[in-house]
Amino acid sequence: MATGTIQNQDKFLDKIANQLGRKRQTEEVELPAWKKAPQYDVFKGLSMDELLAQFVIQCEKIHANVVVTKMNELEEIFHEVIQKLGGASIVYWDDSRFETYGLTAALTQEKEEGISVHEWKSDLGKKNIEIAERANIGITFSDITLAESGTVVLLSDSGKARSVSLLPQKHLAIIPKSTIVPRMTQASEKIHEISKNEGRTPSCINFISGPSNSADIELRLVVGVHGPVEVTYIVIDDM
C-alpha cells in the first residue's frame with residue numbers, strides 16, 4: 001500500500017499547540033530509563049521448552065485445545081485435527097507459511113477427500129467474507145505467541161484477513177514454536193520492530209486467547225459470544 005501524503009501538517013499542529021497555550025514539541029521524544037521494569041521478569045530465563053509448557057498450562061484455563069507435534073508428523077496431525085473438528089468446510093489465509101510447512105499439499109488432500117477448501121484472495125472482495133461466514137474451520141498462523149496468556153497474535157495483511165479467525169465456527173491456529181515469547185511485553189517490542197523496519201504498522205493486530213467468551217451474565221462462562229465456539233492450536237517444534 002502506497003504511503004499517503006499529509007497536507008498542511010505543520011500548520012495544523014501549530015494551531016493545536018497555540019490553542020494549548022504552549023510551543024509545539026518538535027524534538028524527538030526519548031524513552032525514559034525506568035529504574036524498575038517488572039514486566040521483563042515474568043518467565044525470565046525460561047527455555048523455549050519451558051515457555052511452551054507454560055503456554056499449554058494456560059491454554060487449559062482458557063478452554064483452548066493444544067496439540068504439539070514435530071515437523072515430520074505435522075501432516076498426519078493436521079489431518080487428525082481437521083477430522084476431529086468436523087471437516088466439512090475450510091477457509092485459510094493466503095500465507096506462504098502453508099507451503100513452507102507442507103500444509104498446502106495437506107489442504108489439497110483434504111479437498112480431494114470432499115472437504116470444501118478456500119484460500120482467502122483479496123481480489124475476491126466480499127465473496128471471501130461470505131465463504132468465511134459459512135465455513136466450519138478457519139485456519140491461520142500465529143505471528144507471535146504469548147506463553148503467559150495462551151494468546152496468538154495475528155498480524156493482518158491483504159491475504160491474512162481477520163475474518164478467517166473470527167467468522168468460522170472453529171478456529172485452528174498453527175503455531176511455530178519459535179514464535180513463543182513470555183508475554184505482551186515482548187510482543188509489543190516485536191511489533192515496534194516490524195513497524196520500524198517496514199515503515200508501517202500492520203492494518204490490524206489481533207490478540208486471540210482461546211474461544212470468544214463472556215462471564216458477564218450471572219458470572220457464568222458463555223463461549224462463542226462473538227466469534228468461534230472452539231479454538232485449537234497446533235504447535236510445531238520448528239527449533
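Chemist: It is not clear to me how the packing of aromatic side chains should be interpreted in this structure. Could you clarify?
Modeler: Aromatic rings considered in pairs are described by the distance between their centres and by the relative angle of their planes. In this structure the tally under the stated criterion is four aromatic pairs. Pairing Phe 55 with Tyr 233 gives two aromatic rings, centres 5.6 Å apart and planes at 35°, and the pair type is tilted. Here Phe 55 is found in helix α2 (residues 48–61), whereas its partner Tyr 233 is found in strand β12 (residues 230–237), with 178 residues between them in sequence. There is no split in this pair, since Phe 55 and Tyr 233 are both buried.

Chemist: What's the story with the sheet that holds strand β4 (residues 137–141) in this structure? I'm lost.
Modeler: One open sheet holds the six strands; their spatial order is β1-β12-β7-β4-β2-β3, and the pairing between them is parallel. A single partner strand is all that each edge strand has here, and the edge strands are β1 (65–70) and β3 (116–119). Adjacent strand axes in the sheet meet at a mean angle of 20°, parallel and antiparallel pairs treated alike. Inspection of the sheet shows strand β7 (residues 170–176) paired to β12 by seven bridges, in the parallel sense. Along β12, the bridge assignment pairs Pro 176 with Ile 236.

Chemist: Help me understand a nonpolar patch on the surface in this model?
Modeler: The grouping of Phe 12, Leu 13, Ile 16 and Leu 20 at the surface amounts to a nonpolar patch, some 370 Å² of accessible area in total. With respect to the secondary-structure elements, Phe 12 resides in helix α1 (residues 9–19).

Chemist: Honestly, helix α5 (residues 103–112) in this entry has me stumped. Any pointers?
Modeler: Side chains of residues three or four places apart in an α-helix project in the same direction, reflecting 3.6 residues per turn. For α5, the full list of buried residues reads Leu 103, Ala 106, Leu 107 and Glu 110. Around the axis of α5, the buried residues are gathered within 100° of arc, so they sit on the same side. For α5, the exposed residues set more than 90 degrees away from the buried face come down to Lys 111 and Glu 112. Contacts from the buried residues of α5 go to α3 (74–84), β2 (89–92), α4 (97–100), β3, β4 and β7. Backbone geometry just downstream of α5 places Gly 114 in the positive-phi region, at approximately 105°.

Chemist: Would you take a moment to explain the environment of Lys 15 for this structure?
Modeler: Relative to the assigned elements, Lys 15 resides in helix α1. For Lys 15, a relative accessible area of 55% corresponds to the exposed category. Distance from Lys 15 to Val 29, taken between C-alpha atoms, is 20 Å for residues 14 residues apart in sequence.

Chemist: Where do I start with the sheet that holds strand β6 (residues 151–155) in this structure?
Modeler: Whether parallel or antiparallel, the strands of a sheet pair through hydrogen bonds between backbone atoms. The mixed open sheet is built from four strands, whose spatial order is β8-β5-β6-β9. One side of each edge strand has no neighbouring strand; the edge strands of this open sheet are β8 (180–181) and β9 (205–208). Direction of pairing for strand β5 (residues 144–146) relative to β6: antiparallel, over a ladder of three bridges. Bridged to Ile 144 within β6 is Val 153. Relative to the sheet, helix α8 (residues 184–198) contacts β5, β6, β8 and β9, its axis offset from that of β5 by approximately 165°.

Chemist: What's the story with the pairing of β6 in this structure? I'm lost.
Modeler: A regular strand carries its side chains on alternate faces of the sheet. Of all five residues in β6, five are buried, a share of seventy percent or more. Of the two faces of β6, the one holding Thr 151, Val 153 and Leu 155 and the one holding Val 152 and Leu 154 are both buried throughout. Taken together, β5 and the strand that follows it, β6, pair antiparallel across an intervening segment of four residues, in which Gly 150 is found at a positive phi of about 65°. Pairing analysis gives four bridges linking β6 to β9, with the strands arranged antiparallel. By the bridge assignment for β9, Val 153 is matched with Phe 207.

Chemist: Which parts of the structure should I look at to understand α3?
Modeler: Of the residues making up α3, those classed as buried are Leu 74, Ile 77, Phe 78, Val 81 and Ile 82. Buried residues in α3, looked at end-on, bunch into an arc of 140°, giving them a common side. When the buried face of α3 is taken as reference, the exposed residues oriented beyond 90 degrees from it are Glu 76 and Lys 84. Tucked into the core, α3 has its buried residues touching β1, β2, α5, β4, β7 and β12. In the stretch just after α3, Gly 86 is the one whose phi turns positive, near 100°.

Chemist: I'm lost on unusual backbone geometry in this one. Help?
Modeler: Peptide bonds are mostly trans, and most non-glycine residues show a negative phi. Backbone geometry at Asn 8 places phi at a positive 55°, although glycine is not the residue there. The topology assignment puts Asn 8 in the segment before α1. The exposure class assigned to Asn 8 is exposed, which follows from its relative accessible area of 58%. Even without a glycine there, the phi angle at Phe 43 is positive, about 60°. The topology assignment puts Phe 43 in the loop between α1 and α2.

Reading the values: the criteria
Going along each chain's sequence as written, the residues are numbered from 1 onward. Given that the model is predicted, a residue must reach a pLDDT of at least 70 before its local features are reported, and side-chain atom pairs must reach 80 or more before they are shown or counted; all residues, however, enter totals for whole chains, interfaces and linings. Heavy atoms from the whole structure form the basis of all side-chain values; hydrogens and water molecules are not counted. The criterion for an aromatic pair is that two Phe, Tyr or Trp rings (for Trp, the six-membered ring) have centres within 6.5 Å, with stacked assigned to planes under 30 degrees apart, edge-to-face to planes over 60 apart and tilted to the rest. The way it works is that DSSP assigns letters per residue, a run of H or I at least four long becomes a helix, a run of E at least two long becomes a strand, and they are numbered from the N terminus. Each residue gets one of three labels from its accessible area relative to the maximum for its type: buried under 20%, exposed over 50%, partly exposed in between, using a 1.4 Å probe on protein chains only. Two strands pair if DSSP finds at least two bridges between them. To obtain each axis, a line is fitted to C-alpha atoms, and for helices this fit is confined to the stretch in contact; angles are then taken between N-to-C directions over 0 to 180 degrees. For patch detection, residues must exceed 30% relative accessible area and be free of salt bridges, and they are connected within 9 Å for like charges or within 5 Å for nonpolar side chains (Val, Leu, Ile, Met, Phe, Trp, Tyr). Shrake-Rupley sampling with a 1.4 Å probe provides the accessible areas, and residues are treated as covered by the protein chains on show and by no other component. We define a salt bridge as a contact between a side-chain nitrogen of Lys or Arg and a carboxyl oxygen of Asp or Glu at a distance within 4 Å. Each C-beta atom gives one direction from the helix axis, and the arc is the one those directions make. Here a residue-residue contact requires only that any non-hydrogen atoms of the pair lie within 4.5 Å.

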